[in-house]
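Chain and residue survey
Spelled out from the first residue to the last, the chains are:
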Amino acid sequence: METEKSLEKFPPTGSCPIRDILSRLGDKWSMLVLLTLDANGTMRFNEIQRSLEDISHRMLTVTLRMLEADGMISRTVYAEVPPRVEYRLTERGASLLPHVYGLVEWALTYKDSIFEDRARHGRPKVRETVSGRS
């Protein structure tokens, strides 16, 4: 019975809207962008990029477009010279944050034991990034 309920929510074939949404939000940068906007409020592109440090210009552009298309952030363009563009969380994006912070708390609770298990399995503790930060 439980398996049948799971298959209803996550069909093994065809299009699965839940899988589609979770895969979009679970990419490398989306959650970090949402957390950055939550911590700092309205931000401009370069401010977001500086706060994330190792995200490329192109990847930030793609991530912001995707989050905007999903209604998680809003993009406001001001008719100034030079043009000013600002990003902020929408109500939908803000409503996701308690769940994201729940994942952050879970990661903080279990990080040491996860790193120990990785070491036992010959896996690195933390993947190094281009800037050397973890």
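Everything below is about the structure shown above.
A brief structural summary.

It is worth spelling out the overall build of the chain at this point. Regarding its fold elements, the chain presents six helices and three strands. Buried residues in the chain amount to 27% of all 134 residues. Considering only contacts in the chain between residues 6 or more positions apart, those separated by 24 or more positions represent 47%. Split by element, the accessible area of the chain, about 9700 Å² in all, is 56% carbon and sulfur.

What follows is about the packing of aromatic side chains. A complete count under the given rule lists one aromatic pair for this structure. Considering the side-chain rings of W106 and Y110, the 5.4 Å spacing of their centres and the 40° angle between planes classify their relative orientation as tilted. On the criterion of helical spacing, the pair formed by W106 and Y110 is a turn pair, its members being four residues apart in helix α6 (residues 91-120). Taking relative accessible area as the criterion, Y110 reaches 40% and is therefore assigned partly exposed. We note R84 situated over the ring of Y78; from NZ or CZ to the ring centre the distance is 3.8 Å.

This part covers the nonpolar core. L34, L37, I48, L64, L67, I73 and Y87 are the most contacted members of the largest nonpolar core, which totals 23 residues. Where this core is concerned, the elements lending two or more residues are α3 (30-40), α4 (45-52), α5 (57-69), β3 (84-89) and α6. Leaving out residues up to four positions away in the same chain, L64 has contacts with V33, F45, I48, I73 and Y87.

This paragraph deals with the sheet that holds strand β2 (residues 73-78). The three strands are arranged β1-β3-β2 in an open sheet whose pairing can be described as antiparallel. Looking at strand neighbours, the two that pair on one side only are β1 (43-44) and β2, the edges of this open sheet. Alignment of β1 against β3, held across two bridges, turns out to be antiparallel. Residue pairing across strands places R44 opposite E86, the latter belonging to β3. Docked against the sheet, α3 engages β1, β2 and β3, running at close to 95° with respect to β3.

How each quantity is defined
Residues numbered from 1 in each chain as written. Predicted model: local features only at pLDDT ≥ 70, side-chain atom pairs only at ≥ 80, totals over all residues. Heavy atoms only, no water. Helix = DSSP H or I, 4+ residues; strand = E, 2+ residues; numbered from the N terminus. Buried < 20%, exposed > 50% of the residue type's maximum accessible area, 1.4 Å probe, protein only. Contact = heavy atoms within 4.5 Å. Areas by Shrake-Rupley, 256 points an atom, 1.4 Å probe, with all protein chains shown as cover. Phe/Tyr/Trp six-rings, centres within 6.5 Å; stacked < 30°, edge-to-face > 60°. Lys NZ or Arg CZ within 6 Å of the ring centre and 35° of its normal. Core = buried A, V, L, I, M, F, W, Y, C linked by side-chain atoms within 4.5 Å. Pairing = 2+ DSSP bridges. Axes fitted to C-alpha atoms, helices over the stretch in contact; angles between N-to-C directions.

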